[in-house]
Amino acid sequence: MNLKRELDRRITEALVAAGAPDRAQALVSPSARSQFGHYQANGVMAAAKKLKTDPRELAEKVIAAADLSDMAEPPEVAGPGFINIRLKPKWLAGQLDKAVRDNRLGVGRPDKKQTVVVDYSGPNLAKEMHVGHLRSTVIGDALARVLEFVGHDVIRQNHVGDWGTQFGMLVAYMESLGDREGSGLSAELADLEEFYRKAKERFDADAGFADKAREYVVRLQVKKDKNARRAWERFVEQSLEHCEQVYRRLGVLLIGSDVRGESFYNDKLPSVVEDLDTAGMLVESQGAKCVFLDEFKGKGSDGTDLPVIVQKSDCGYLYATTDLAALRYRCDELKANRILYVTDSRQAMHFAQIFAVAREAGFVGKDVRLKHVPLGMMLGGDGRPFRTREGGTVRLMDLLDEAEQRAFKLVSEKNPDLNEAQRSQVARIVGISAVKYADLSRNRTSDYVFSWDKMLSLEGNTAPYMQYAYARVRSIFRKEGLDETAAEGGVVLGEPAEMDLAVKLGQFPETVQAVADECLPNLLCGYLFDLAGAFMTFYESCPVLKAPDKARRTGRLRLCLLTAKTVRSGLELLGIETLEQM
Ligand code: ARG
């Protein structure tokens, strides 16, 4: 059960019964300090203001009208009109008993199931994936997992950059190497960065080749020449294979059928422009076809009105045109109710514009929710964009190699008894998780400084800390060879530390729901970190295996079991693997 939502519903009802307007809200949230109660309703003051009445008096009335007796102790008014709520141990214990038996851990189903399109990762296939793709890939994947878990139909879309002039150059270069089907080319393509670099070098140095490259763009995109197409397909396939290697290594769930790149929309672009024209929205400006909307008046860099250009004067289409076609496809064909675009925040204006154009043109149903989920940048220790020592972009593959190497050193120091294969296995999981978790645990909108030492630390809100906490809970069972049946019985909540842990455990459903609503995976990381902390305090003050009696031993084991399950599920939702032993 979503405790917060349940309390909110009941107190809001009481608020209305006490005379507040229909739209009044209880605004219940968990309290930061449990000594004042577990939850607090903050909405009484605003309601009192509207009613022009004393907030404390209104709060008293709300308490009298509220029906909370099964789940909470009698609430108390605090400060200027807050209502503090303490859950009843017995009721909470009952909730937790249910949660342990439920593989959704008490997370309910949505009132209305939605089809949610999550657009994430979307690398440019002309080159290899680099650190700039990490955040979208990792955060997008976590959001897709969470939305699925709370019961929505999720459609992942990998909007890869597989179209445009760069591909003319690459395909022309492929052809210049001859031997189109042979293995020589495969070897060349094995290192895409190098391949791109060479093609570009040739393009810049050799005018004849540059012309050829431009001709290839036309052959590929306009004339639909079969040979050019085949060469392009070969290139894209190779590049996607590389992306999939990265995804597998990262434990990201994107697969081949999620790829719907820019090329997919190529045939749909003319009709986007035609329909905008029919809607009377097109204006020609310096030969280009543009849409000007009131919202973007004066928003240009020099204070001019900002257009959305959908076709250039040379008839070429743009990133925005493709996104308009994609938006339509997602609404019409994929039947999306909600679309999330997980990209860096520098694209905020682009999405604001295409959302506005699509709405105005009626490409999107009124009740379809569109959301850009903006991401800050990953910075190096010097506070500038993260780069190699030589100043180049860091390939994701190299970053992950380094993560595993560093984790291997760490594991070897901490756990020299494990054999080499075991240490590699642990290092792989810890290293990759550390990189992912460092990203997930920050508020996604802010830039963050990439630090190996911090992310691999066993202290603080890190992957190794969480994985260690999980292994520690599991070790309680392992110590005496216990399995889950040892925890069969009821949760008993007597000690304050037991109650604190129990309240945290009870907050899993509302946390997962908040991540789904606000697209903020860091809320889940923060929650798991607090949960681990509550567990450590409990474990220090309440003996489990040596509990004073059988009922308390079983009850505590049951809390341990639910903690393990919650941490494991929570980490899984973030795409982080756990280890039974570390
Ligand atoms: N390929 C784009 C980039 O590298 C990201 C694609 C985001 N999705 C979209 N529908 N525009 O920045």
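That block above? That's the structure.
Structural notes, computed from the coordinates. Bear in mind that the values here come from a model prediction, so they are computed numbers and not experimental data.

1. Focus on the sheet that holds strand β1 (residues 28–30)
Line of reasoning, step 1. The four strands lie next to each other as β1-β2-β4-β3, forming an open sheet whose pairing is antiparallel. The two strands at the open ends of the sheet, each matched to only one other strand, are β1 and β3 (76–78). Strand-to-strand twist of the sheet, defined as the mean angle between neighbouring strand axes without regard to direction, takes the value 30 degrees.
Line of reasoning, step 2. Both β1 and strand β2 (residues 39–41) contribute to a ladder of three bridges, which runs antiparallel. Residue pairing across strands places P30 opposite Y39, the latter belonging to β2.
Line of reasoning, step 3. Along the sheet, helix α1 (residues 3–17) contacts β1, β2 and β4 (82–85); its crossing angle with β1, the most-contacted strand, is approximately 150 degrees.

2. A few points about the pairing of strand β8 (residues 288–292)
Each regular strand displays side chains that alternate between the two surfaces of the sheet.
Line of reasoning, step 1. When strand β7 (residues 282–285) meets β8, the two strands line up antiparallel, connected through four bridges. Along β8, the bridge assignment pairs V283 with C290.
Line of reasoning, step 2. Joining the antiparallel neighbours β7 and β8 is a turn of two residues, in which Q286 adopts a positive phi near 50 degrees.
Line of reasoning, step 3. When β8 meets strand β9 (residues 307–311), the two strands line up antiparallel, connected through four bridges.

3. Quick look at the pairing of strand β10 (residues 338–344)
Line of reasoning, step 1. Burial of β10 is extensive: six of the seven residues sit out of reach of the surface.
Line of reasoning, step 2. As judged from the four bridges shared by strand β5 (residues 115–119) and β10, these two strands associate in the parallel manner. When the bridges of β10 are listed, V117 appears paired with I339.
Line of reasoning, step 3. Here β10 runs beside strand β11 (residues 369–375); their pairing, made up of seven bridges, is parallel. Pairing of R338 across the sheet is with R369, part of β11.
Line of reasoning, step 4. Between the parallel pair β10 and β11, the chain is carried across by helix α13 (residues 348–361), and the sense of this crossover is right-handed.

4. Some thoughts on the sheet that holds β8
Line of reasoning, step 1. Read across the open sheet, the three strands follow the order β7-β8-β9; overall the sheet is antiparallel. Edge positions in the open sheet fall to β7 and β9, since each of these has one partner strand only. Each adjacent strand pair in this sheet contributes to an overall mean axis angle of 45 degrees, direction not counted.

Rules used throughout
- Residues numbered from 1 in each chain as written.
- Predicted model: local features only at pLDDT ≥ 70, side-chain atom pairs only at ≥ 80, totals over all residues.
- Heavy atoms only, no water.
- Pairing = 2+ DSSP bridges.
- Helix = DSSP H or I, 4+ residues; strand = E, 2+ residues; numbered from the N terminus.
- Axes fitted to C-alpha atoms, helices over the stretch in contact; angles between N-to-C directions.
- Contact = heavy atoms within 4.5 Å.
- Buried < 20%, exposed > 50% of the residue type's maximum accessible area, 1.4 Å probe, protein only.
- Right-handed = clockwise from strand over helix to strand, strands pointing away.

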